[in-house]
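Results of the structural survey
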Amino acid sequence: MNALFADLLESFDRLTSTWPAWAVTLAALLSLALVAWLADVIIRRRLTASLRAVAGRTSGRWDDAFIDHGVVTHLSHIIPTGVVYFGIALVPGLADAVVTGIRNVALAYAAFVAVRAVSAALSAANTLYELRPDARKHPIKGYIQLAKLFAYCCAAILIVSALLGQNPLLLLSGFGALTAVLLLVFRDTILSLVASVQLSSLDMVRVGDWIEMPQFDADGDVIDIALHTVRVQNWDKTITTIPTHRLISDSFRNWRGMSDSGGRRIKRSIVIDTSSVRFLEADEIAHFRRFVLLAPYLASKEAELADYNAAIDADTDDAVNLRRLTNLGTFRAYTENYLNNHPRISDAMTLLVRQLQPTAEGVPIEIYCFTRTTAWGAYEAIQADIFDHLLAILPRFGLRAYQQPTNDALASVSRGVQSASSSSDAS
């Protein structure tokens, strides 16, 4: 190879022996550029195509990932850079300062190409990691971005030192005085790095989690966790970007526990008009015995009340001295049995039908239970079906749900009062 290269130089010297010096230099530079370009074309196109064909025939995914992210493409640029670096010294008529300057630029470009290849390799490694089943639980994208940042910082030092022709250690020695400035510049990066470590180690957020963060108007699924930002796709399909460190410094709600449990909570009340609450009469109790869901409750409750009333020392002929069934208590028992027998309500989680503190509107009866599904659409359908049924069956118990009077109702009452007043005046 050396003999062939020497023969080519000797042939070039004989060919240009009669040329002026500037023409020889120009011809040598053009020849060097042509050789570098041919090396780039051959290496980048031929080698990359060959490696892609080989990767397509293998069962592994790592080679495809490295080729798809352009690792080989970036590395192929080092060959023509080496041609320029070593070939520029053979160009006649160039001053030493020009040769040194071109070599320095070639070294700087080689450092740039190398860091691009390292960045592509890190991206390929992240792509391969995301294929793992546990990648959603412990994402490493933040660490990958930090490694890229470190690689680019090192490359920047090497590029500057190459262009200046100085030892990189001399540049590093001068960074001590810039520490405060660097801390200020990279403040968000440092905070984000610490936050990423905490989020990952404590398993606070994963890709796919439903989170709520009202201070950022974020309410939806996490679609990306990076070093500096966490992206959330809201239910209206908009994207909210949250600084990673704010997930540590601020509060947010993660609905993963609900999703993992397999059930979603229903917590909603029906406000009963207080004036409709009363004791049940004997014929009403006999009517309610026809309700399959109430038969066990009525049998148990009537036995309990009979024992209590028989034990008290009072006039049992007067109903005021007795414990009696109420329509509101019977409705609560019916609701609880209805939920216990509902096929889409979980019997493994808390189920309550409770009476809350009465208010100016009435007596709230709260339904507290969990569905057997966490799917939003199905959950809303189950919840609506339950309250449709309860609101429709309220009149069977002689109860009314509270509803604020409408303008039409108030106007009707006002007309009735005026009519009664007119009749009284006429009489």
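Quick caveat: nothing in here was measured; it's all calculated off a predicted structure.

1. Thoughts on the overall build of the protein
A tally of regular secondary structure across the protein gives 17 helices and eight strands. Sorting the 427 residues of the protein into buried and exposed places 31% on the buried side. If you take every contact in the protein between residues at least 6 apart in sequence, the share linking residues at least 24 apart comes to 65%. Total accessible area on the protein stands at roughly 25,500 Å², and carbon and sulfur atoms take up 60% of it.

2. Looking at the environment of serine 196
Within the fold, serine 196 resides in helix α10 (residues 187-201). Take serine 196: its relative accessible area is 10%, and that puts it in the buried class. Separated by 51 residues in the primary sequence, serine 196 and leucine 247 have C-alpha atoms spaced 9.4 Å apart. For serine 196, the residues in contact, after removing those within four places along its chain, are Tyr143, Ala226, Leu227 and Thr244.

3. Focus: the nonpolar core
Within the largest apolar cluster, 34 residues are counted, with the highest numbers of intra-cluster contacts made by Leu294, Leu339, Ile345, Ile386 and Phe397. At the level of secondary structure, the elements contributing two or more residues to this core comprise β6 (265-272), α13 (282-288), α14 (295-311), α15 (327-340), β8 (363-370) and α16 (376-393). Ala218, Val222, Ile225 and Ile242 belong to the second largest nonpolar core, which has 11 residues in total.

4. Some thoughts on the packing of aromatic side chains
Taken as a whole and judged by the stated rule, the model has 12 aromatic pairs. Ring centres of phenylalanine 291 and phenylalanine 397 lie 6.1 Å apart, and the angle between their planes is 70°; this geometry places the pair in the edge-to-face category. You can see phenylalanine 291 sitting in the loop between α13 and α14 and its partner phenylalanine 397 sitting in the loop between α16 and α17 (407-426), a full 106 residues away along the chain. One exposure class covers both phenylalanine 291 and phenylalanine 397, and it is buried. Counting every residue linked through ring pairs, the aromatic cluster contains Phe288, Phe291, Phe331, Tyr334, Tyr338 and Phe397. Residue placement shows arginine 264 over the ring face of tryptophan 255; its charged tip is 5.7 Å from the ring centre. Here the guanidinium or amino end of arginine 264 rests over the ring plane of tyrosine 379, the centre of that ring lying 4.3 Å away.

5. Quick look at α14
Between its terminal C-alpha atoms α14 stretches 25 Å, which fits the 24 Å expected from 17 residues at 1.5 Å a residue. Among the residues of α14, Tyr297, Leu298, Leu305 and Asn309 are the ones counted as buried. Summarising the axial view, the buried residues of α14 lie within an arc of 90°, below the 170-degree limit, and thus occupy one face. Among the exposed residues of α14, those oriented more than 90 degrees off its buried face are Pro296, Asp307, Ala310 and Ala311. Looking at the buried residues of α14, the elements they touch are α13 and α15.

6. A word on the packing of helix α5 (residues 78-87) against helix α6 (residues 96-129)
For any two helices packed against each other, one specifies the inter-axial angle together with the distance between the axes. At a closest axis distance of 9 Å, the pairing of α5 and α6 adopts a crossing angle of 165°. Here α5 lies roughly antiparallel to α6, going by the angle between them. Our pair here, α5 against α6, has a crossing hand that is left-handed. For the pair formed by α5 and α6, the contact residues are Ile78, Thr81, Val84, Tyr85 and Phe86 on the first element and Ile102, Arg103, Ala106, Leu107, Tyr109, Ala110 and Val113 on the second.

7. Comments concerning the sheet that holds β6
Sheet architecture is open: three strands sit in the order β6-β8-β7, paired in antiparallel fashion. Both outer strands of the open sheet, β6 and β7 (352-355), are each paired with one neighbouring strand and no more. In this sheet, neighbouring strand axes are inclined to one another by 15° on average, regardless of whether the strands run parallel or antiparallel.

8. With respect to the sheet that holds strand β3 (residues 229-234)
Adjacent strands of a sheet pair through backbone hydrogen bonds, lying either parallel or antiparallel. Across the sheet, five strands lie side by side as β4-β3-β2-β1-β5; this open sheet has antiparallel pairing. The outermost strands of the open sheet, each flanked by one partner alone, are β4 (239-243) and β5 (253-254). In terms of strand pairing, strand β2 (residues 218-225) meets β3 through five bridges, oriented antiparallel. Bridge pairing links glycine 220 to asparagine 234 in β3.

9. Looking at the state of the cysteines
In total, this model carries zero disulfides according to the counting rule given. Looking at cysteine 154, it has no disulfide partner, and the nearest cysteine sulfur is the one in cysteine 153, 6.9 Å off. Residue cysteine 154 is classed as partly exposed on the basis of its relative accessible area, which comes to 31%.

10. Topic: the pattern of salt bridges
Taken as a whole, this structure holds 10 salt bridges when the rule is applied. Across the salt bridge formed by aspartate 250 and arginine 246, the nearest N and O atoms sit 2.5 Å from each other. It is possible to trace a salt-bridge network through shared partners that takes in Lys301, Glu304 and Arg323.

11. Details of the environment of valine 222
Structurally, the position occupied by valine 222 is in strand β2. Among the residues examined, valine 222 registers a relative accessible area of 1% and is labelled buried. In this structure, the C-alpha to C-alpha distance between valine 222 and arginine 206, residues 16 residues apart in sequence, is 7.1 Å. Residue contacts for valine 222: discarding those within four places in its chain leaves Val205, Arg206, Val207, Gly208, Asp209, Ile211, Val230, Arg231 and Val232.

12. Let's talk about the confidence of the model for the protein
Across the protein, pLDDT averages 81, with 79% of residues at or above 70. Confidence, expressed as mean pLDDT per element, reaches its minimum in the protein at helix α1 (residues 2-15) with 54 and its maximum at β8 with 96.

13. Brief notes about unusual backbone geometry
Of note in this structure, aspartate 217 is not a glycine but carries a positive phi near 55°. Following the sequence through the fold, aspartate 217 ends up in the loop between β1 (210-213) and β2. Phi is positive for lysine 237, close to 75°, though the residue is something other than glycine. Within the secondary structure, lysine 237 sits in the loop between β3 and β4.

Definitions and cut-offs
- Residues numbered from 1 in each chain as written.
- Predicted model: local features only at pLDDT ≥ 70, side-chain atom pairs only at ≥ 80, totals over all residues.
- Heavy atoms only, no water.
- Helix = DSSP H or I, 4+ residues; strand = E, 2+ residues; numbered from the N terminus.
- Buried < 20%, exposed > 50% of the residue type's maximum accessible area, 1.4 Å probe, protein only.
- Contact = heavy atoms within 4.5 Å.
- Areas by Shrake-Rupley, 256 points an atom, 1.4 Å probe, with all protein chains shown as cover.
- Core = buried A, V, L, I, M, F, W, Y, C linked by side-chain atoms within 4.5 Å.
- Phe/Tyr/Trp six-rings, centres within 6.5 Å; stacked < 30°, edge-to-face > 60°.
- Lys NZ or Arg CZ within 6 Å of the ring centre and 35° of its normal.
- Expected span 1.5 Å × (residues − 1).
- Arc of directions from axis to C-beta.
- Axes fitted to C-alpha atoms, helices over the stretch in contact; angles between N-to-C directions.
- Parallel < 35°, antiparallel > 145°, perpendicular 65-115°, else oblique.
- Left-handed = near helix turned anticlockwise from the far one by under 90°.
- Pairing = 2+ DSSP bridges.
- Disulfide = S-S within 2.5 Å.
- Salt bridge = Lys/Arg side-chain N within 4 Å of Asp/Glu carboxyl O.
- pLDDT = per-residue confidence, 0-100.

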